[in-house]
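Chain residues, written in single-letter form:
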Amino acid sequence: MTETSWRTGTLITVAPTGAESGKADVPALPVTLDELVATAKECEALGASVIHVHIRDGAARPTLDLGRLRDTVAALRSTTDLIVQLSSGGAVTDPEADRLRVLDAAPDMASCTMGTVNFGDDVFVNRWQFVVALHTRMQDRGVVPEYEIFDLGHLAALERLLGKYGLPHGGHVHVDFVMGVPGGMAGTAETLVACRHAMRELPAGSTFSATGIGRTAIPVLLASLAAGGHLRVGMEDTVSYAKGQPVESNMQLVARAAAFARLAQRPPITTGQARELLGVPAEVGNGG
Ligand code: KMH
Ligand code: ZN
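So, a few notes on the structure that sits alongside this text. Since the model is a prediction, treat every value here as computed from it, not as a measurement.

Calculation rules
- Every chain begins its residue count from 1, and numbering advances along the sequence as written.
- By the order in which they are written, chains take letters starting at A while ligands take numbers starting at 1.
- With the structure being a predicted model, the display of local features is reserved for residues of pLDDT at least 70 and the display and counting of side-chain atom pairs for 80 or more, all residues being used for whole-chain, interface and lining totals.
- The side-chain numbers reported here are obtained from all heavy atoms of the structure, hydrogens and water having been left aside.
- When a carboxyl oxygen of Asp or Glu lies within 4 Å of a side-chain nitrogen of Lys or Arg, that pair is called a salt bridge.
- Strands here mean DSSP runs of E at least two residues long; helices mean DSSP runs of H or I at least four residues long; both are numbered from the N terminus.
- For each residue, the accessible area found with a 1.4 Å probe, counting protein chains only, is set against the maximum for its type, and the residue is called buried under 20%, exposed over 50%, and partly exposed in between.
- Each metal site is built from N, O and S donor atoms within 2.8 Å (3.2 Å for Na, K and Ca), and since water is not included, such sites may look incomplete.
- We call a pair of cysteine sulfur atoms a disulfide whenever their separation is within 2.5 Å.
- Residues are labelled near a given molecule or strand when at least one of their non-hydrogen atoms is within 4 Å of it.
- Think of a polar contact as two N or O atoms within 3.5 Å of one another; within protein, one of them needs to be a possible hydrogen donor and the other a possible acceptor, and neighboring residues in sequence only count if both atoms come from side chains.
- Using a 1.4 Å probe, the Shrake-Rupley method yields the accessible areas, and only the shown protein chains count as cover for residues.
- Strands are labelled as partners when DSSP assigns at least two bridges between them.
- Angles run from 0 to 180 degrees between N-to-C directions of axes, and those axes are lines fitted to C-alpha atoms, restricted for helices to the stretch in contact.
- In this analysis, two residues are considered to be in contact whenever any of their non-hydrogen atoms come within 4.5 Å of each other.
- A pocket, in this scheme, is an open set of points on a 1 Å grid over the protein atoms alone with protein on both sides within 12 Å along at least 5 of 7 lines, while a cavity is a set where a 1.4 Å probe fits but cannot get out; residues line either one if an atom lies within 4 Å of a point.
- Grid points are joined across faces, edges and corners, and a volume is the space filled by probe spheres set on the points.
- The classification used treats Ala, Val, Leu, Ile, Met, Phe, Trp, Tyr, Cys and Pro as nonpolar, Asp, Glu, Lys and Arg as charged, and all other residues, Gly among them, as polar.
- Looking down the strands as they point away from the viewer, one classifies a crossover as right-handed if the path from the first strand across the helix to the second runs clockwise.

Moving on, we get to the pattern of salt bridges. Throughout the structure, instances matching the rule amount to eleven salt bridges. Here Asp108 and Arg77 are joined by a salt bridge, their closest N and O atoms 3.1 Å apart. Remark: Arg77 occurs in helix H2 (residues 66-79) and Asp108 occurs in the loop between helix H3 (96-101) and strand S6 (109-113); sequence separation between them is 31 residues. Across the pair, exposure class does not vary: Asp108 and Arg77 are buried alike. Beyond isolated ion pairs, a larger network of salt bridges with shared partners links Glu148, Asp176, Arg232, Glu236 and Asp237.

This is the structure in structure tokens:
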């Protein structure tokens, strides 16, 4: 049997919670630390290798509380081998100082959104100077970024960022196309191919994953697999499994992504292979 490597397999990121859905509207959303850890373990067993984390407070509201973030990183590290990626995006209402402080929780990775985008009825603000602060602080702290691309111009901003401030910690550039946000780029195969094409301006060997918000989830997933990309799935992005059918759990979405990846003959890679791919150092003593 041929062994799957990160070159031939698919990296699956699970984004289980997000900052937008309410627990009352989406009861299956993991909002407590116990729910998050249970979800993380099950998603890892199904093929996820990265977890993109937003946390909630005692009332299930989005929070960037540093103590809770540290506890979350520690709990995920002690119970799973997943790469822990904290969101520095938070909620659209979070101030820049709180978003930068996320890095004090010392995650393996953190998101770094490459520009401002209309976000439904809101605006997700990412000023150039703030992006620079995030990128350079991640370099200083040894945190590997995932660059979030909501629009084609964000790739040009990334090229400018790397040209002026250098490669990220670990030396590997990985971007995530967040497609189908109302106000951002469309969640279509054509748009994904345009993004893939624009990546030619990034350092050789740069990689991408993609996620489609809401009903764009499946077209984006299929397009990404076909274009040699990786996948992000989860209830941060998708709360309907099919028309009129609410998602039952994050595991349901990871299982579907893993099945599609196997059908595409690019099966899910392990957490060790994902670390190799992304330039994230191996953790000692991880795993439950
Ligand atoms: N919740 C969105 C405003 C990220 O995690 O870095 C931002 C977001 C991106 O989800
Ligand atoms: Zn997020």
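Another aspect to go through is the coordination of the zinc ion (ligand 2). Taken together, His52 (NE2), His54 (NE2) and Glu236 (OE) make up the full set of protein donors to the zinc ion (ligand 2), lying 2.1 Å away. Going along the chain, you hit the donors of the zinc ion (ligand 2) in the pattern H-x1-H-x181-E. Take His52 and His54: they sit in the same class, and that class is buried.

Notably, Ala60 is not glycine yet its phi reads approximately 65 degrees, a positive angle. Unlike most non-glycine residues, Gln265 shows phi in positive territory, near 60 degrees. Topologically, Gln265 is positioned in the loop between helix H8 (250-263) and helix H9 (271-278). Taking the relative accessible area as the measure of exposure, Gln265 reaches 69% and is therefore exposed.

Attention shifts here to the state of the cysteines. Every disulfide links exactly two cysteines, by a covalent bond between their sulfur atoms. Evaluation of the coordinates by the stated rule reveals zero disulfides. Cysteine Cys112 shares no disulfide, and the gap to the nearest cysteine sulfur, in Cys195, comes to 17 Å.

All right, on to the site of ligand 1 then. Lining the immediate surroundings of ligand 1 are Glu20, His52, His54, Ser87, Gly89, Gly90, Val92, Ser111, Thr113, Phe119, Phe124 and Glu236. One of the side-chain nitrogen or oxygen atoms of His52 is found 3.0 Å away from an oxygen atom of ligand 1. Between ligand 1 and the protein, one listed contact pairs an oxygen atom with a backbone N or O atom of Gly89 at 3.4 Å. Taking 300 Å² as the accessible area of ligand 1 by itself, protein coverage stands at 97%.

It is worth spelling out the sheet that holds strand S12 (residues 230-233) at this point. In spatial order, the strands read S1-S2-S5-S6-S9-S10-S11-S12; together these eight strands close into a barrel with parallel pairing. Strand after strand, the sheet turns through a mean of 30 degrees between neighbouring axes, direction not considered. Contacts from helix H4 (residues 128-141) reach S6 and strand S9 (144-149) within the one sheet, and its direction differs from that of S6 by about 160 degrees. Where helix H7 (residues 217-226) meets the sheet, its contacts fall on strand S10 (174-179), strand S11 (207-212) and S12, and the angle it forms with S11 comes to roughly 160 degrees.

The next point concerns the layout of surface pockets. Empty space within the largest pocket amounts to approximately 610 Å³. Listed by contribution, the elements that provide at least two residues to the lining of the largest pocket are S6, H7 and strand S13 (240-242). The element that contributes the greatest number of residues to the lining of the largest pocket is S13, accounting for three residues. Partitioning the lining of the largest pocket into residue classes produces 15 nonpolar, twelve polar and eight charged. By volume, the second largest pocket is sized at about 160 Å³. In terms of lining residues, the second largest pocket is bounded by 13 residues, among which Val31, Thr32, Leu33, Arg56 and Thr72 are the most central. Looking at the lining of the second largest pocket, the elements with two or more residues in it are helix H1 (33-46), strand S3 (55-56) and H2.

Here we take up the side chain of Thr271. For Thr271, the position within the fold is in helix H9. Residue class for Thr271 comes out buried when judged on its relative accessible area of 15%. When residues no more than four places from it in sequence are discounted, the contact partners of Thr271 are Glu44, Ala48, Ser49, Asp81, Leu82 and Ile83.

Side chains Val50 and His52 of strand S2 (residues 50-53) all project onto a buried face; the interleaved residues Ile51 and Val53 project onto the opposite face, where all are buried too. The pairing of strand S1 (residues 12-14) with S2 spans two bridges and is parallel. Note that in S2 the partner of Thr13 across the bridge is Val50. After leaving S1, the chain enters H1 and then returns to the sheet as S2, a path that is right-handed. The pairing of S2 with strand S5 (residues 83-86) spans four bridges and is parallel. From the neighbouring strand, Ile51 faces S5, where its bridge partner is Val84.

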